[in-house]
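Examining the three-dimensional arrangement
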Amino acid sequence: MVVSRRRQSEVSPLNISVDRSDPAVPTIRIGGDLAFATAAPLRHEVDRLLAERPRTLRLDFADLIFIDSTGLSVIVHAWREGQQEGTVIALRNVPRFLETILDMTGVTGLLARPQATGQHDAGDPLSA
């Protein structure tokens, strides 16, 4: 069996856009490769939106192609910061490969934890 490895030069650009049609629940749409070389703009956008203290911040992964450990750390960072700000982090349109990674790393369980402040019910973080 031959395993294909991606080279840094093979990384697709990260595409992010923000939907603010519901100000209480902004959605960041994420497409392309969420990797070491591309993750900084998403982390910046997450921090910017969490500073506004929305009730929920949705991360929509419908167009995600690839994620590495740095990309996964951005999701965990969003959850940690959301806990401090009283914001639920909800994932939407999670591709199967990402769902598997979230399950294997325990991040699915982390996202399902209730808010530390008790302000919000997170519900199912993978289907919001």
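Residues numbered from 1 in each chain as written. Predicted model: local features only at pLDDT ≥ 70, side-chain atom pairs only at ≥ 80, totals over all residues. Heavy atoms only, no water.

Of the positions making up helix H1 (residues 40-50), those classed as buried are Leu42, Glu45, Val46, Leu49 and Leu50. Take H1 and look down its axis: the buried residues cluster within an arc of 125 degrees, on one side only. Facing away from the buried side of H1 by over 90 degrees, the exposed positions are Ala40 and His44. Packed against the buried residues of H1 are strand E1 (14-19), strand E2 (27-34), strand E3 (56-67), helix H2 (69-85) and strand E4 (88-92). (Buried < 20%, exposed > 50% of the residue type's maximum accessible area, 1.4 Å probe, protein only. Helix = DSSP H or I, 4+ residues; strand = E, 2+ residues; numbered from the N terminus. Arc of directions from axis to C-beta. Contact = heavy atoms within 4.5 Å.)

Here we come to the side chain of glutamate 45. Its location among the elements puts glutamate 45 in helix H1. Accessibility expressed as a relative area gives 12% for glutamate 45, which makes it buried. Here the side chain of glutamate 45 touches arginine 48 through a polar contact of 2.3 Å, side chain to side chain. For glutamate 45, the contacting residues outside a window of four places in its chain are Ile16, Val18 and Ile28. (Polar contact = N/O pair within 3.5 Å; in protein donor to acceptor, adjacent residues only side chain to side chain.)

What follows covers the confidence of the model for the protein chain. Per-residue confidence for the protein chain gives a mean pLDDT of 87, with 83% of residues at or over 70. Confidence drops under pLDDT 50 across residues 118-123; counting only partners more than four residues distant or on other chains, this segment forms 10 contacts. (pLDDT = per-residue confidence, 0-100.)

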